[in-house]
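# Observations on chain architecture
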Amino acid sequence: MTIGDISLVLVGAGKMGGAMLSGWLDMGLNPANVTVIDPGLPQEMNQLAEQKGFRFIATPYGIVCPDVVVVAVKPQVMDKVLPTLKSLVGASTVVISVAAGTPVSAFKAHLGEEALVVRAMPNTPAQVGRGMTAAFASHGVTASMRTLTAALLSSMGMFVWVESEGQIDAVTAISGSGPAYVFHMVEAMASAGEALGLDAETAGILARQTIVGAGELLHQSALPAATLRKNVTSPGGTTAAALNVLMAEQGGLGALMEKATAAARDRSIELSK
Ligand SMILES: NC(=O)C1=CN([C@@H]2O[C@H](COP(=O)(O)OP(=O)(O)OC[C@H]3O[C@@H](n4cnc5c(N)ncnc54)[C@H](OP(=O)(O)O)[C@@H]3O)[C@@H](O)[C@H]2O)C=CC1
Ligand SMILES: O=C(O)[C@@H]1CCC=N1
């Protein structure tokens, strides 16, 4: 089965649901086979539905056993949303949840023990085909369903399976939330540029384009990040002066990143309770 043949219901048309949907439509998902459910009927998604030709409705009604149901609502509303999905999930429907925290057991509790659940953790660069998604397939998900899930999730960037559900908490902390860390780096570099005397507009352009360029270089180059870093760093030069601060064992970025990602991982675990 190719992505063009999949019948898909997306529950939750917010930032992540919308990003995935844009990516999938660009990659060949047939809009005629797509239904999006979101009670708020957000205006932006309404316009996209009219433009692309998929069905956009407020409540799950008149949908029978799609190949895939993707759940992209906040973990906090999951207990309210899942009971409304029981009637549309068939024996061969794969339920792919992208929610942080919500465990497979919560899906089975609402949809039935036999429900075929995949927990996936994408990120918003999926919107432009540069996503990173990792997923865990629960008991009962067959090889062909894994293939179908992998086809869908790898269509929006890179995709890997993880072998235990617990690893999804770490994935969430690194690649799920990760784009926000990079966007914050742009903000921090722009502020630092202003502090060094650049005007706000120029500092913003320099910071943003530096991250864009470094990201594209990482994308196009086969070299490890450490080598690309060394290629910028002249001995005794300006980069080395900055890296002495950023790579300091005490108070450097490494220690800060460990602390930040541990906080994200812990929050993911908390959300599962
Ligand atoms: N944003 C990200 O980068 C990532 C998010 N995720 C996960 O994706 C999920 C969604 O996050 P995000 O997109 O950021 O959140 P958003 O709030 O942007 O999106 C959630 C959407 O679900 C809608 N919704 C609420 N109740 C229902 C319902 N009963 N049926 C259908 N839709 C409903 C919300 O409507 P309303 O606003 O009107 O309540 C909203 O449009 C979360 O579980 C999050 O953990 C995973 C990876 C990355
Ligand atoms: O912030 C969150 O909880 C979600 C999960 C990963 C990215 N956004």
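Residues numbered from 1 in each chain as written. Chains lettered and ligands numbered in written order. Predicted model: local features only at pLDDT ≥ 70, side-chain atom pairs only at ≥ 80, totals over all residues.

## A short note on the overall build of the protein chain
Helix and strand content of the protein chain: eleven helices and eight strands. Counting only C-alpha atoms and orienting by the principal axes, one finds that the protein chain spans roughly 65 × 40 × 35 Å. For the protein chain, the proportion of its 273 residues judged to be buried stands at 33%. For the protein chain, contacts bridging at least 24 residues in sequence account for 65% of all contacts bridging at least 6. (Helix = DSSP H or I, 4+ residues; strand = E, 2+ residues; numbered from the N terminus. Buried ≥ 20, exposed ≤ 12 C-beta atoms within 10 Å, placed from the backbone. Contact = placed C-beta atoms within 7 Å.)

## Observations regarding the environment of Arg-267
Tracing the sequence through the fold places Arg-267 in helix H11 (residues 253–271). Arg-267 gets classed as partly exposed once you count the C-beta atoms within 10 Å, which come to 15. In the structure, Arg-267 is positioned 166 residues away from Gly-101 in sequence and 8.0 Å away in space, judged by C-alpha atoms.

## Details of the site of ligand 1
Contacts to ligand 1 come from 26 residues, most closely from Gly-12, Gly-14, Gly-40, Ala-99 and Ala-100. Broken down by element, the residue count for the shell around ligand 1 peaks at three residues, all from helix H1 (residues 15–26). For the shell around ligand 1, the class distribution of residues is 16 nonpolar, seven polar and three charged. (Near = placed C-beta within 6 Å. Nonpolar A, V, L, I, M, F, W, Y, C, P; charged D, E, K, R; others polar.)

## Digging into the UniProt feature "domain: Pyrroline-5-carboxylate reductase catalytic N-terminal" (unreviewed entry) in the protein chain
According to UniProt, the feature "domain: Pyrroline-5-carboxylate reductase catalytic N-terminal" (unreviewed entry) maps to residues 9–101 in the numbering used here. When the span residues 9–101 is considered, its composition is 28% helix and 19% strand, and the gap between its end C-alpha atoms is 21 Å. (UniProt positions renumbered as here; feature names shortened; annotations may be inferred.)

## Let's talk about the nonpolar core
Core analysis: the largest hydrophobic core is formed by 57 residues, its most contacted members being Val-11, Val-36, Val-69, Val-70 and Val-95. Val-95 has contacts with Val-69, Val-71, Val-89, Phe-107, Leu-111, Ala-115, Leu-116 and Val-117, leaving out every residue within four places of it along the chain. (Core = buried A, V, L, I, M, F, W, Y, C linked by C-beta atoms within 7 Å.)

## Focus on the site of ligand 2
Residues in close proximity to ligand 2 include Ala-100, Thr-172, Gly-176 and Ser-177, which together make up its full environment. Of the residues contributing to the shell around ligand 2, the split by class is one nonpolar, three polar and no charged.

## What about helix H7 (residues 178–195)?
End to end, H7 covers 26 Å across 18 residues, agreeing with the expected 26 Å (1.5 Å per residue, within 8%). Of the residues trailing H7, Gly-197 is marked for its positive phi of about 110°. (Expected span 1.5 Å × (residues − 1).)

## Considerations on the packing of helix H6 (residues 167–176) against H11
Two elements in contact, H6 and H11, have axes whose closest approach is 8 Å; the angle formed by their N-to-C orientations is 135°. Overall, the two elements H6 and H11 adopt an arrangement that is oblique. Here H6 runs over H11; the crossing is right-handed. Taken together, the residues of H11 that come into contact with H6 (itself represented by Asp-169, Ala-170, Thr-172, Ala-173 and Ile-174) are Thr-261, Ala-264, Arg-265, Ser-268 and Ile-269. Counted by class, the contact of H6 with H11 contains five nonpolar, three polar and two charged residues. (Axes fitted to C-alpha atoms, helices over the stretch in contact; angles between N-to-C directions. Parallel < 35°, antiparallel > 145°, perpendicular 65-115°, else oblique. Left-handed = near helix turned anticlockwise from the far one by under 90°.)

## Notes on unusual backbone geometry
What you tend to see is this: most non-glycine residues have negative phi, and most peptide bonds are trans. Backbone geometry places Leu-41, a non-glycine residue, at a positive phi of 40°. Looking at the element boundaries, Leu-41 is found in the loop between strand E2 (34–37) and helix H2 (43–52). The class for Leu-41 is partly exposed, based on 14 C-beta atoms found within 10 Å. Phi angles above zero are rare outside glycine, and Cys-65 is one such case at about 40°. Along the chain, Cys-65 falls in the loop between strand E3 (55–57) and strand E4 (68–71).

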